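One letter stands for each residue in the lines below.
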Amino acid sequence: MRPFVYDQSAIRVIFGVGVLDRLAEEVQRLPAKRALVLTTPGQSGLAEDAAGRLGKLAAGVYAKAVMHVPIETARAARDEAKRLEADCCVAVGGGSTIGLAKAIALESGLPIVAVPTTYAGSEMTPIYGVTEGGLKKTGRDRKVLPRTVIYDPALTVSLPPKMSGPSGMNALAHCVEALYAEDGNPIVTLMAAEGIRVLGTSLPVVVREPANVEIRADALYGAWLAGAALAATRMSIHHKVCHTLGGAFNLPHAQVHSVILPHAVAFNQEAAGDAMRLASQALGVKDAAQGVYDLAVRLGAPTALEDIGMPLDGLDRAAKLATESPYPNPRPIDYASVRQLLENAYHGIRPV
Ligand code: NAD
């Protein structure tokens with residue numbers, strides 16, 4: 001076994017159907033008395049419900065989170081937290097909502113209680129991102145790591161199948177890249193392989209039976225493992241390409257992950273043979289790249305960049321941006337091979 005460093009995050013996790021009931025207790029436990037409840041406009045009802053459960057512990061609701069945390073949104077939310085004299089943030093929603101809480105915490109140090117309602121995994125990571133002038137600046141800071149995460153599968157039942165599938169593929173991508181991360185370790189490998197197994201079996205049922213809370217619990221458990229694996233490792237070519245496409249072409253986050261993952265796996269298949277064997281075993285397939293592609297098809301998740309708004313004449317620029325300052329990757333990165341990866345992903349070709 002090679003030597004390794006495992007910098008384990010300390011997060012209190014409450015998991016189970018109905019555990020949102022414990023929200024007030026968990027806010028008091030921080031300890032905090034004036035929670036600012038954050039969410040997206042589409043989930044304002046859920047935030048109001050959370051504020052109702054908090055009673056006197058709720059300082060207010062701010063339902064203006066948007067994808068990729070524009071700096072204007074971050075500034076307005078920071079001002080609102082100050083105005084209300086909030087002493088913690090309760091983020092009820094997906095990665096966009098949790099991202100907004102992190103933007104507040106980055107400046108103020110306010111503790112976060114995260115209540116995730118998608119499978120993106122941000123709740124487990126110290127990674128933040130703020131978008132300014134069309135560029136998303138990301139970084140790691142322990143200040144933004146949620147102190148408590150409340151995983152209540154009942155809150156994911158409303159996530160529509162067309163969002164559940166891609167969001168699950170986003171989680172799967174964290175697990176796959178953790179298996180071949182340069183700073184991986186045996187504990188993260190356990191979590192990542194279990195994440196792939198449980199996501200691979202639960203997600204097809206989730207999209208078929210969205211109201212099945214038992215299977216939603218399995219998928220959310222997989223998403224938790226995926227977030228923990230993402231937090232502990234540096235990601236590679238897959239995440240680099242997705243960040244490039246999301247940032248420069250404003251493509252939807254989870255859908256980009258769904259399209260790119262089979263091609264990133266094919267790209268690294270030979271260079272990361274051990275990781276790919278683990279991934280294919282966990283998925284119960286012969287070939288990891290084809291297995292991931294087939295899963296996306298089964299989920300009804302996007303498989304082609306041309307279907308999610310990518311302009312064909314943007315592929316050259318995307319390949320240039322993705323190779324200029326590459327993330328570490330098992331297979332060396334060069335323009336021509338990444339351009340080919342993008343071409344295959346553009347047309348949604350099944351990896352061979
Ligand atoms: P999202 O938070 O933008 O949510 C997508 C849409 O689904 C929103 O309209 C939201 O209101 C709605 N929604 C969320 N949960 C719902 C539910 N249960 N029922 C009904 N509707 C629901 O999407 P996301 O994919 O979760 O997050 C994407 C963002 O998170 C990106 O900005 C990405 O960069 C970031 N992210 C960050 C990390 C990290 O570690 N920092 C990790 C993953 C993703």
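Quick note: structure is the one above.
Description of the structure in this document.

**What to know about the site of the ligand**
In the neighbourhood of the ligand, 22 residues make up the surrounding shell, with Thr40, Ser96, Thr117, Thr118 and Thr125 lying closest. In this structure, a nitrogen atom belonging to the ligand sits 3.2 Å away from a side-chain N or O atom of glutamine 43. One nitrogen or oxygen atom from the side chain of threonine 125 is found 2.6 Å from an oxygen atom belonging to the ligand. In isolation the ligand has 870 Å² of accessible area, and contact with the protein removes 82% of it. When residues in the shell around the ligand are grouped by element, the largest group, 3 residues, is from helix H4 (residues 95–108).

**Remarks on the packing of aromatic side chains**
Following the criterion strictly, the structure yields 4 aromatic pairs and no others. Consider the rings of tyrosine 151 and tryptophan 224, whose centres lie 5.6 Å apart with planes at 25°: the pair is stacked. Within this pair, whereas tyrosine 151 is found in strand E8 (residues 148–151), its partner tryptophan 224 is found in helix H7 (residues 213–232), the two being separated by 73 residues in sequence. For tyrosine 151, a relative accessible area of 0% translates into the label buried. Look at tyrosine 221 and tryptophan 224: their rings are 6.5 Å apart centre to centre, the planes differ by 80°, and that puts the pair in the edge-to-face class. Placement of both tyrosine 221 and tryptophan 224 in helix H7 is noted, with a separation of 3 residues, approximately one turn of the helix. Judged by its relative accessible area of 30%, tyrosine 221 falls in the partly exposed class. Of the aromatic side chains, those joined through ring pairs into one cluster are Phe15, Tyr151, Tyr221 and Trp224. Directly above the aromatic system of phenylalanine 249 lies the positively charged group of arginine 317, at a separation of 5.2 Å from the ring centroid. In this structure, arginine 331 is placed above the aromatic ring of phenylalanine 267, and the distance from its NZ or CZ to the ring centre is 4.0 Å.

**A look at the side chain of threonine 117**
Along the chain, the position of threonine 117 falls in the loop between strand E5 (112–116) and strand E6 (127–132). At 3.1 Å, the side chain of threonine 117 forms a polar contact with the side chain of glutamine 43. The contact partners of threonine 117, leaving out residues within four places of it in the chain, are Gln43, Leu46, Gly93, Gly94, Leu155, Thr156 and Leu159.

**What about the sheet that holds strand E2 (residues 35–38)?**
Judged by pairing direction, the sheet is parallel, and its 6 strands sit side by side in the order E1-E8-E5-E4-E2-E3 without closing on themselves. The two strands at the open ends of the sheet, each matched to only one other strand, are strand E1 (12–15) and strand E3 (58–62). For this sheet, the mean inter-axis angle between neighbouring strands, taken without regard to orientation, is 15°. As paired elements, E5 and E8 share 2 bridges and run parallel to each other. Within E8, the position partnered with valine 113 by the bridge is threonine 148. H4 contacts E2, E3, strand E4 (88–93) and E5 of the sheet and is inclined by roughly 165° relative to E4.

**Quick word on the packing of helix H3 (residues 71–83) against H4**
Following both chains from N to C, one finds H3 and H4 inclined at 65°, their axes separated by 9 Å at the closest point. In the packing of H3 onto H4, the handedness of the crossing is right-handed. Here Thr73, Ala74, Ala77, Arg78, Ala81 and Lys82 of H3 come into contact with H4, specifically with Leu100, Ala103, Ile104 and Glu107. Residues that form the contact of H3 with H4 fall into these classes: 6 nonpolar, 1 polar and 3 charged.

**Here we look at the packing of helix H9 (residues 253–268) against helix H11 (residues 288–299)**
Axis separation between H9 and H11 bottoms out at 8 Å; the angle between their running directions is 170°. In terms of orientation, H9 and H11 fall into the roughly antiparallel class. In contact with Ser258, Leu261, Pro262, Val265 and Ala266 of H9, H11 contributes Ala288, Ala289, Val292, Tyr293 and Ala296.

**A look at the side chain of histidine 239**
Inspection of the secondary structure assignment puts histidine 239 in helix H8 (residues 237–249). A distance of 2.9 Å separates polar atoms of two side chains, one belonging to histidine 239 and the other to glutamate 177. For histidine 239, the contacting residues outside a window of four places in its chain are Ala173, His174, Glu177, Leu230, His257 and Tyr327.

**As for the environment of alanine 10**
For alanine 10, the location among the structural elements is in the segment before E1. Between the C-alpha atoms of alanine 10 and alanine 228, which are 218 residues apart in sequence, the distance is 11 Å.

**Section: the nonpolar core**
Core analysis: the largest hydrophobic core is formed by 76 residues, its most contacted members being Tyr119, Met169, Leu172 and Ile196. Looking at which element gives the most residues to this core, the answer is H7, with 10 residues. Filtering out sequence-adjacent residues up to four positions away, methionine 169 remains in contact with Leu203, Ser258, Leu261, Val292, Leu295, Ala296, Leu299 and Ala301.

Cut-offs applied
Here the residue numbers are simple positions, counted from 1 along each chain's written sequence. Thresholds applied to this predicted model are a pLDDT of at least 70 for local features of residues and 80 or more for the giving and counting of side-chain atom pairs; totals over whole chains, interfaces and linings are not thresholded and use all residues. Only heavy atoms go into the side-chain values, all of them from the structure, while hydrogens and water stay out. A cutoff of 4 Å decides nearness: a residue is near a molecule or strand if any of its heavy atoms lies inside that distance of it. We define a polar contact as two N or O atoms separated by no more than 3.5 Å, with the added condition that, inside protein, one atom must be a possible hydrogen donor and the other a possible acceptor, whereas residues neighbouring each other in sequence contribute only through side-chain atom pairs. Computed with a 1.4 Å probe, the accessible areas rest on the Shrake-Rupley method; for each residue, only the protein chains presented here act as cover. Numbering of helices and strands runs from the N terminus; a helix is a DSSP stretch of H or I covering at least four residues, while a strand is a stretch of E covering at least two. In summary, the pairing rule links any two rings of Phe, Tyr or Trp, Trp by its six-membered ring, whose centres are within 6.5 Å, and it sorts them by plane angle into stacked for under 30 degrees, edge-to-face for over 60 and tilted for everything else. When a residue's accessible area, from a 1.4 Å probe over protein chains only, is under 20% of the maximum for its type it is buried; when over 50% it is exposed; and in between it is partly exposed. Counted as over-ring charges are cases with an Arg CZ or a Lys NZ within 6 Å of the ring centre that also lie within 35 degrees of the ring normal. Contacts between residues were defined by any pair of non-hydrogen atoms, one from each residue, lying within 4.5 Å. What makes two strands pair is DSSP finding at least two bridges between them. Note on definitions: angles span 0 to 180 degrees between N-to-C directions of axes, and those axes are lines fitted to C-alpha atoms, for helices only across the stretch in contact. Here a crossing is taken to be left-handed if its near helix is turned anticlockwise relative to the far helix by less than a right angle, and right-handed if that turn runs clockwise. Amino acid classes used here: Ala, Val, Leu, Ile, Met, Phe, Trp, Tyr, Cys and Pro are nonpolar; Asp, Glu, Lys and Arg are charged; the rest, including Gly, are polar. We call two directions roughly parallel when the angle between them is under 35 degrees, roughly antiparallel when it is over 145, roughly perpendicular when it lies between 65 and 115, and oblique otherwise. The term nonpolar core refers to a set of buried residues drawn from Ala, Val, Leu, Ile, Met, Phe, Trp, Tyr and Cys, joined through side-chain atoms within 4.5 Å.

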